[in-house]
Every structure is written in structure tokens, then in C-alpha cells.
Amino acid sequence: NGKYFCLDLYEGAAEAASAIRNDTKVKHYTNVIIRNVPLDNSLPAWITLISSLESNGRHLEILEKGIKLIQLLNIDIPPPPPSPTAVMESMATTTIAASQYDINLILSTNQSKTDRHQRNVLRLFDAITVAAYSVSSPYLPLLTFAMVRYSLKNHFHETESAF
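Residues numbered from 1 in each chain as written. Predicted model: local features only at pLDDT ≥ 70, side-chain atom pairs only at ≥ 80, totals over all residues. Heavy atoms only, no water.

K.L.:
Go over the overall build of the protein, please, and point to the residues and values.
P.N.:
Assigned secondary structure in the protein consists of eight helices and zero strands. Seen in sequence order, the protein has helices and strands lined up from the N terminus as α-α-α-α-α-α-α-α. Scored against the burial criterion, the 163 residues of the protein give a buried share of 35%. Sequence-distant contacts, at least 24 apart, represent 68% of the contacts inside the protein between residues at least 6 apart. (Helix = DSSP H or I, 4+ residues; strand = E, 2+ residues; numbered from the N terminus. Buried < 20%, exposed > 50% of the residue type's maximum accessible area, 1.4 Å probe, protein only. Contact = heavy atoms within 4.5 Å.)

Shown next, in the form of C-alpha cells:
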């Protein structure tokens, strides 16, 4: 199909521009993709754009764009708690809840390889989480929990996930 051929060309051009650190062209090619294809098909372009922002140290911009994008994918990211104590309490609760899962049951239900969309979502989580870590964002534990929840919900094997 000609439309997907053009998409592949633009993705390749964006990746090439990223490799030579031509951020203007990365932004141009990825924005053409983002504006013209459905969200699922634009995830690789988003990842390329975020990687380009990362190479320039634009972590806060990554967080802003990334959290909005994750929410567009219908993955819940709540606002950060107002205090570090609340974050620690949230982490303790999540640890207890995660211990309730039978990892062997989860692994045994993983019949097929991770599909392209799911792998791209995990790559997106990975890039956004690194940015959150870089600026000590209160979103870091929330993004991490959302990534783990997404992985468990989709029955990922630990060697397939981004964490």
C-alpha cells in the first residue's frame, strides 16, 4: 500500500535525522507522521521524537508530551501525590498488591509474542520514565506503576518488557 510505503519512508528519514542529530528534521518528519496517521501507527514517530528530545536534555518537555500521549492511549496516570510520604505509601500499597499476582499464572497465559503496538507502548513508557528519573519527577513512581500494570494486564514475560 502506497500510504504505508510513504510512512516507512518518513519513519526512515526521521530515524536517519535522529542518528545525525538533526533535530529540526526529526521534528519535521515526525510531525508529518503524527498529523497524518492514527495514533497507533504514529507511536514509532513519537518514540523517535522523544529520543531526539532526550539527546538535547529536554526532559520536562518529554514528560509533558509523554504523559499526554500515555493518557491518549487510555492508560491512567494520576496526578502526583502532594508529598513524598504519600508517594512512599503508594509504593508500599502497590508492592502489596503486586505480590498478590501469581507470576507463574501470568507467564503461562502468555501464548503469543508481544504485538507491535504493545512493544511500542512499552518503549514509550521506557523513554518517558527515563526523563522522569532525570529530573527527579514525582511522576516517576506513577509511570513505573502504570508500566508494570500495563505489562501485567497484557501478560508480558519479564524478558519482553521494558523494565
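K.L.:
For the layout of surface pockets, give the residues involved together with the corresponding values.
P.N.:
In this model, the largest pocket occupies a volume close to 200 Å³. Lining the largest pocket are Leu73, Asn74, Ile75, Asp76, His117, Val121, Ala146, Arg149, Tyr150, Lys153 and Asn154. Every element with two or more residues in the lining of the largest pocket is listed here: α7 (116-134) and α8 (139-153). Per element, the largest residue contribution to the lining of the largest pocket is four residues, and it comes from α8. (1 Å grid on protein atoms, 1.4 Å probe; cavity = no way out; pocket = protein on both sides within 12 Å on 5 of 7 lines; lining within 4 Å. Points joined across faces, edges and corners; volume = space filled by probe spheres on them.)

K.L.:
Describe in detail the packing of helix α4 (residues 59-72) against α7, supporting the description with residues and values.
P.N.:
Viewed as axis vectors pointing N to C, α4 and α7 meet at an angle of 140°, and their least axial separation amounts to 9 Å. Classified by the interaxial angle, the pair formed by α4 and α7 is oblique. Handedness of the crossing formed by α4 with α7: left-handed. Between α4, through His59, Ile62, Leu63, Gly66, Ile67, Leu69 and Ile70, and α7, the contact on the second element is made entirely by Leu124, Phe125, Ala127, Ile128, Ala131, Ala132 and Ser134. Residues belonging to the contact of α4 with α7 are distributed by class as follows: 11 nonpolar, three polar and no charged. (Axes fitted to C-alpha atoms, helices over the stretch in contact; angles between N-to-C directions. Parallel < 35°, antiparallel > 145°, perpendicular 65-115°, else oblique. Left-handed = near helix turned anticlockwise from the far one by under 90°. Nonpolar A, V, L, I, M, F, W, Y, C, P; charged D, E, K, R; others polar.)

K.L.:
Tell me about the nonpolar core, and name the residues and values.
P.N.:
By size, the foremost hydrophobic cluster in this structure holds 31 residues, and its most contacted members are Ile75, Leu124, Phe125, Ile128 and Leu143. Going through the elements one at a time, α2 (23-36), α3 (39-55), α4, α7 and α8 are the ones with two or more residues in this core. With eight residues, the top contributor of residues to this core is α7. Those residues in contact with Leu143 that lie beyond four places of it in its chain are Leu63, Ile67, Ile77, Phe125, Ile128, Thr129 and Ala132. (Core = buried A, V, L, I, M, F, W, Y, C linked by side-chain atoms within 4.5 Å.)

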